[in-house]
Amino acid sequence: MKYNEYNTAALNAVGGKTAGMTMTVATMQLGVCGIYAFIMWIVRINPARVFGLQAPTKQNLPKLTFSDMIKAIPLGFCSGGAHAATVFALGGDPLFGQIVKSGEPVLSALVNTIFYGKAPSFNKVMCLPIIVGGVAFASLKKGPEGYALKFDETALFFGMIANSFAAFKGSENKKLMSDKKLSERFAGVGNQFAVTQIISFFILLPIMYAKEGPMLPQFFEMLKTSKELQFNLVMSGLCFYLYNELATMTLKVTGPVTASVANTAKRVIVMVYMAAVTGKALTEEQKIGASIAIGGVLLYSLIDDLLKPKKAKSS
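Along each chain, numbering runs from 1 in the same order as the chain's sequence is written. In keeping with the model being predicted, local features are shown solely for residues with a pLDDT of at least 70 and side-chain atom pairs are shown and tallied solely at 80 or more, while totals for entire chains, interfaces and linings include all residues. Working from all heavy atoms in the structure, the side-chain values ignore hydrogens and water.

## So, the overall build of the protein
Logical step 1: Think of it this way: any DSSP run of H or I at least four residues long counts as a helix, any run of E at least two long counts as a strand, and we number them from the N terminus. From N to C terminus, the protein includes 13 helices and four strands.
Logical step 2: The rule is simple: take the accessible area with a 1.4 Å probe, protein chains only, and divide by the maximum for that residue type; under 20% is buried, over 50% is exposed, in between is partly exposed. The proportion of buried residues among the 315 residues of the protein is 47%.
Logical step 3: Residue contacts are defined here by distance: any two heavy atoms, one from each residue, within 4.5 Å place the two residues in contact. A fraction of 81% describes how many contacts in the protein between residues 6 or more apart in sequence connect residues 24 or more apart.
Logical step 4: All accessible areas in this document rest on Shrake-Rupley with a 1.4 Å probe, and a residue is counted as covered only by the protein chains that are shown. Here the protein displays about 16,300 Å² of accessible surface, and carbon together with sulfur accounts for 67% of that area.

Dropping the structure here:
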């Protein structure tokens, strides 16, 4: 929730989506993540659990080999792509971008079926039209001559790219961590996430330079003088890191069902909060479409457990 607020403020501080610095902001946010990770390794403490009212945990350096780092590159690439595309999407329209992001299970189903040979269950497949329909309805706007498609093209285009990268990221993460010995060398979820963000940062650096190189002197000049940019860039990077690390930890503790319900509630809260922060209210079509899409995502997450055949009681 706060990440979305700080991210929007950071983008506004550099001139918005038309200023030509969105990729730079996204990359520098990952730079903040990397600095935060190195600080944790220096002090050997991870404070993330404090936000869950628990004692901080010890964070030792991972004992990774060069080969391990090479294996982690695909995950870092997908993670960086998902992050950068999300920043572009939210920079276009923070509210509609969140609605598009709720359609992630659709891309996940396609990616896992085509590239990883892991098709979702029939019950999950039947939920996908609900999600697609919700996002489609949110794209409509009523005019004098009836309904017509009207939406922020940037939010839709990059939101779908972000969903695609996120789908690959989830599968690559599972594939990477299926290696038990590699998982032991990471020495915890915190280290795995930290290493992934650092790799993502270095992957995005050349892309940032190629796309927005001529704007970099202007960006760094603004960074030296603008307190607003300094504060919101650092805070958006920290919030991004802490939210994603906490979400991963929560999934391990609560299980996928509880995490899915919490993630669904998060999307609703974020949209309501961003509407209040930006002063831009959702249209009736967006409210209805978002409700349908988010409800479809929740059903997609829970359907297999809800329809799981009950075990026969032993006599």
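Structure shown, so let's carry the discussion forward.
## Focus: helix H7 (residues 153–177)
Residues three or four positions apart in an α-helix share a direction because the helix packs 3.6 residues into each turn.
Logical step 1: Any helix carries an expected span of 1.5 Å times its number of residues minus one. The terminal C-alpha atoms of H7 lie 36 Å apart, and with 25 residues this matches the ideal 36 Å at 1.5 Å per residue to within 8%.
Logical step 2: Those residues of H7 not exposed but buried are Ala155, Gly159, Ala162, Asn163, Ala166, Ala167, Ser171, Glu172, Leu176 and Met177.
Logical step 3: Under the rule applied, a polar contact is a pair of N or O atoms within 3.5 Å (in protein, one hydrogen donor and one hydrogen acceptor; residues adjacent in sequence only if both atoms are side-chain atoms). Taking the backbone nitrogen of Thr154 as reference, a side-chain oxygen 3.0 Å away marks Asp152 as the first, capping residue of H7.

## So, the environment of Gly289
Logical step 1: Following the sequence through the fold, Gly289 ends up in helix H13 (residues 284–306).
Logical step 2: Each C-alpha atom, one on Gly289 and one on Gly133, is 7.5 Å from the other, the two residues being 156 residues apart in sequence.
Logical step 3: With residues near it in sequence (within four places) discarded, Gly289 still touches Gly134, Val135, Phe137 and Ala138.

## Some thoughts on helix H3 (residues 66–92)
Logical step 1: End to end, H3 covers 39 Å across 27 residues, agreeing with the expected 39 Å (1.5 Å per residue, within 8%).
Logical step 2: To get the bend at any residue, fit one axis to the seven residues that end at it and another to the seven that begin at it, then take the angle between the two axes. At Ile73, H3 shows its maximal kink, close to 35 degrees; a proline, Pro74, follows between one and four residues later.

## Brief notes about the packing of aromatic side chains
Logical step 1: Working definition: rings of Phe, Tyr and Trp (its six-membered ring) pair if their centres are within 6.5 Å, and the pair is stacked with planes under 30 degrees apart, edge-to-face with planes over 60 apart, and tilted otherwise. For the coordinates displayed, the defined rule picks out twelve aromatic pairs.
Logical step 2: Between the aromatic rings of Tyr3 and Phe240, the centroid separation amounts to 5.7 Å while the plane-to-plane angle is 50 degrees, which identifies the pairing as tilted. Within this pair, whereas Tyr3 is found in helix H1 (residues 2–13), its partner Phe240 is found in helix H11 (residues 227–254), the two being separated by 237 residues in sequence.
Logical step 3: Seen in terms of ring centroids, Phe38 and Trp41 are 5.4 Å apart; in terms of plane orientation they differ by 80 degrees. Their pairing is edge-to-face. Placement of the pair is Phe38 and Trp41 together in helix H2 (residues 22–43), with a separation of three residues, close to one helical turn.
Logical step 4: A connected cluster of aromatic rings, assembled from ring pairs, spans Tyr36, Phe193 and Tyr241.
Logical step 5: The ring centre of Tyr300 lies 4.4 Å from the NZ or CZ of Lys124, which sits over that ring. A positively charged side chain is recorded as over a ring if its NZ (Lys) or CZ (Arg) lies within 6 Å of the ring centre. The angle to the ring normal must also be within 35 degrees.

## A word on the environment of Met28
Logical step 1: Assignment of secondary structure puts Met28 in helix H2.
Logical step 2: In this structure Met28 comes out as buried when scored by relative accessible area, which is 15%.
Logical step 3: Ignoring anything within four residues of it in the chain, the contact list for Met28 reads Met208, Phe219, Phe220 and Leu233.

## Focus on the confidence of the model for the protein
Logical step 1: Mean pLDDT over the protein stands at 85; residues scoring 70 or higher make up 89%.
Logical step 2: The predictor attaches a confidence to each residue, and that confidence, scored 0 to 100, is pLDDT. Within the protein, the element-level pLDDT minimum falls on helix H12 (residues 256–278), averaging 63, and the maximum on helix H10 (residues 216–225), averaging 96.

## Some points on the pattern of salt bridges
Logical step 1: For this analysis, a salt bridge means a side-chain nitrogen from Lys or Arg found within 4 Å of a carboxyl oxygen belonging to Asp or Glu. Evaluation of the coordinates by the stated rule reveals nine salt bridges.
Logical step 2: Put simply, Lys2 and Glu5 hold a salt bridge, and the shortest N to O gap is 2.8 Å. Of this pair, Lys2 and Glu5 are both found in helix H1, three residues apart, which corresponds to roughly one turn of the helix.
Logical step 3: For Lys2, a relative accessible area of 33% puts it in the partly exposed group.
Logical step 4: Classification of Glu5 by relative accessible area gives partly exposed; the value is 21%.
Logical step 5: Across the pair Glu172 and Lys175 runs a salt bridge whose closest N-O atoms are separated by 3.4 Å. You can see Glu172 and its partner Lys175 sitting in helix H7, three residues apart, about one turn around the helix.

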